[in-house]
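Read off the chains here:
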Amino acid sequence: MPTRPLGRTGLTVTTLGFGASGIGNLGYPRTDLDAARAVGAAWDAGIRVFDTAPHYGLGLSELRLGDALRERPRDAYVLSTKVGRLLRPHPAPTGSDLAAGGFAVPDDLIRVWDFSADGVSRSLEESLVRLGVDRIDIVYVHDPDDAVDEAVSHAIPALIRLRDQGVIGAVGVGMNQWQAPLRMVRETDLDVVMLAGRYTLLDRSGEQLLDECARRVAVVAAAPFNSGVLARPWPADGAHFNYAPAPDPVLQQARRLAETCQAQNVTLPVAALQFPLRHPAVTSVVTGMGSAAHVAAAAAAMRSTVPTGLWQATG
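What counts and how
Residues numbered from 1 in each chain as written. Predicted model: local features only at pLDDT ≥ 70, side-chain atom pairs only at ≥ 80, totals over all residues. Heavy atoms only, no water. Helix = DSSP H or I, 4+ residues; strand = E, 2+ residues; numbered from the N terminus. Rg over C-alpha atoms; globule rule 2.2 N^0.38 Å. Buried < 20%, exposed > 50% of the residue type's maximum accessible area, 1.4 Å probe, protein only. 1 Å grid on protein atoms, 1.4 Å probe; cavity = no way out; pocket = protein on both sides within 12 Å on 5 of 7 lines; lining within 4 Å. Points joined across faces, edges and corners; volume = space filled by probe spheres on them. Nonpolar A, V, L, I, M, F, W, Y, C, P; charged D, E, K, R; others polar. Phe/Tyr/Trp six-rings, centres within 6.5 Å; stacked < 30°, edge-to-face > 60°. Lys NZ or Arg CZ within 6 Å of the ring centre and 35° of its normal. Axes fitted to C-alpha atoms, helices over the stretch in contact; angles between N-to-C directions. Left-handed = near helix turned anticlockwise from the far one by under 90°. Contact = heavy atoms within 4.5 Å.

**Describing the overall build of the chain**
Inference 1: When its secondary structure is counted, the chain shows eleven helices and 14 strands.
Inference 2: Taking 315 residues into account, the globule formula puts the C-alpha radius of gyration at 20 Å, and the chain, at 19 Å, falls close to it.
Inference 3: Seen through its principal axes, the chain has C-alpha atoms that stretch 55 × 45 × 40 Å.
Inference 4: Looking at the chain as a whole, 56% of its 315 residues qualify as buried.

Following this line, the structure appears as structure tokens:
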């Protein structure tokens, strides 16, 4: 798998990264064996970037990822997790997190938003235990959409102190929007931005952020399939965009992109996975991989040749 330097961090990342939300039972349950096989397939495919979060399966993703990587050389891969949601005992569990959080796990725990410096430290300590490692390479402030000021004044400075002390390798923010990360890039000493769904073949609204980052901040492009609408060669009725059924104009635009890809003998998922890497700020594309089959498909797509004419035809 090709590699690129992660900005100024000194880390080197593979251009394809393993998103571990799926092994946290996003949408439907997987077994521990399914998770182990998915991570093993990623390793065998040469993937060396693994991204998780406490949010994913109420800690299950971190537990499974840590177990699957335990026998791998720690210096051979880049591991990232996130802060901003603490996991605490649920005072009134319903039996499942699926409706509230989207993960098919028991809701014995509940997510508590906390972007304070103390919350960041506690979250990181708890993630280290779940993952079973002694260090995390990249820590992202996760989805501070309603707490941008607090992220800028408390969470990010707390992570910067930990970075400067050598506790973590790099400081990032991970969001589904580009406006707040743009402010953070301009006002703080971030190393990396994980931008989900805002620089894709279909939605390029985050280009201003990427242009700003190209000067000194690395970008990891997540959710390249826009939560499903670009994940198959032909976007079907009911395909999801931004975690909800795609509006008709978006679905029609995705189908036009699919037709353009077909004319170039390329499938839509292949183009979608490779597109973000065309921007000089983007170092890696992270996509959710809940099974060994998902890994195989993503690795094959990344290895596929895309003619230059396709990028010209898609703008």
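**Quick word on the layout of surface pockets**
Inference 1: Estimates place the volume of the largest pocket at around 1300 Å³.
Inference 2: As for the largest pocket, its lining consists of 43 residues, of which Ser-21, Leu-26, Ser-227, Thr-287 and Gly-288 are closest to the centre.
Inference 3: Secondary-structure elements contributing two or more residues to the lining of the largest pocket are strand 9 (168-175), strand 10 (192-196), strand 14 (282-288) and helix 10 (292-303).
Inference 4: Per-class residue counts for the lining of the largest pocket are 21 nonpolar, 17 polar and five charged.
Inference 5: Estimates place the volume of the second largest pocket at around 160 Å³.
Inference 6: Of the residues forming the lining of the second largest pocket, the biggest block, three residues, is contributed by strand 7 (residues 109-113).
Inference 7: Each residue belonging to the lining of the second largest pocket can be placed in one class, and the counts come to three nonpolar, five polar and four charged.

**A word on the packing of aromatic side chains**
Inference 1: Under the defined criterion, the tally for this structure stands at eight aromatic pairs.
Inference 2: When the ring of Trp-113 is compared with that of Phe-115, the centres are 5.8 Å apart and the planes differ by 25°; the resulting orientation is stacked.
Inference 3: Using a relative accessible area of 4% as the deciding quantity, one classes Phe-115 as buried.
Inference 4: An aromatic cluster is present here, built from Phe-18, Trp-43, Phe-50 and Tyr-77 joined pairwise through their rings.
Inference 5: In this structure, Arg-30 packs its charged tip against the face of Tyr-28, placed 3.8 Å from the ring centre.
Inference 6: Over the ring of Trp-43 we find Arg-48, and its NZ or CZ is 3.7 Å from the ring centre.

**Overview of the packing of helix 5 (residues 148-164) against helix 6 (residues 179-187)**
Inference 1: The geometry of helix 5 relative to helix 6 is characterised by a closest axis approach of 10 Å and an angle of 35° between their N-to-C directions. Read as a crossing pair, helix 5 and helix 6 show a hand that is right-handed. Across from Val-148, Asp-149, Ala-151, Val-152 and Ile-156 in helix 5, the residues of helix 6 making contact are Ala-180, Arg-183, Met-184 and Glu-187.

**Examining empty space enclosed by the protein**
Inference 1: In this structure the tally under the stated criterion is one cavity of 30 Å³ or more.
Inference 2: Roughly 40 Å³ of internal volume is contained in the largest cavity.
Inference 3: Lining the largest cavity we find Val-13, Val-49, Asp-51, Ser-80, Ile-138, Tyr-140, Met-194, Val-220, Ser-284 and Val-286.
Inference 4: Residue assignment for the lining of the largest cavity shows that the elements contributing at least two residues are strand 4 (49-51), strand 8 (136-142) and strand 14.
Inference 5: Across the lining of the largest cavity, the residue classes tally to seven nonpolar, two polar and one charged.

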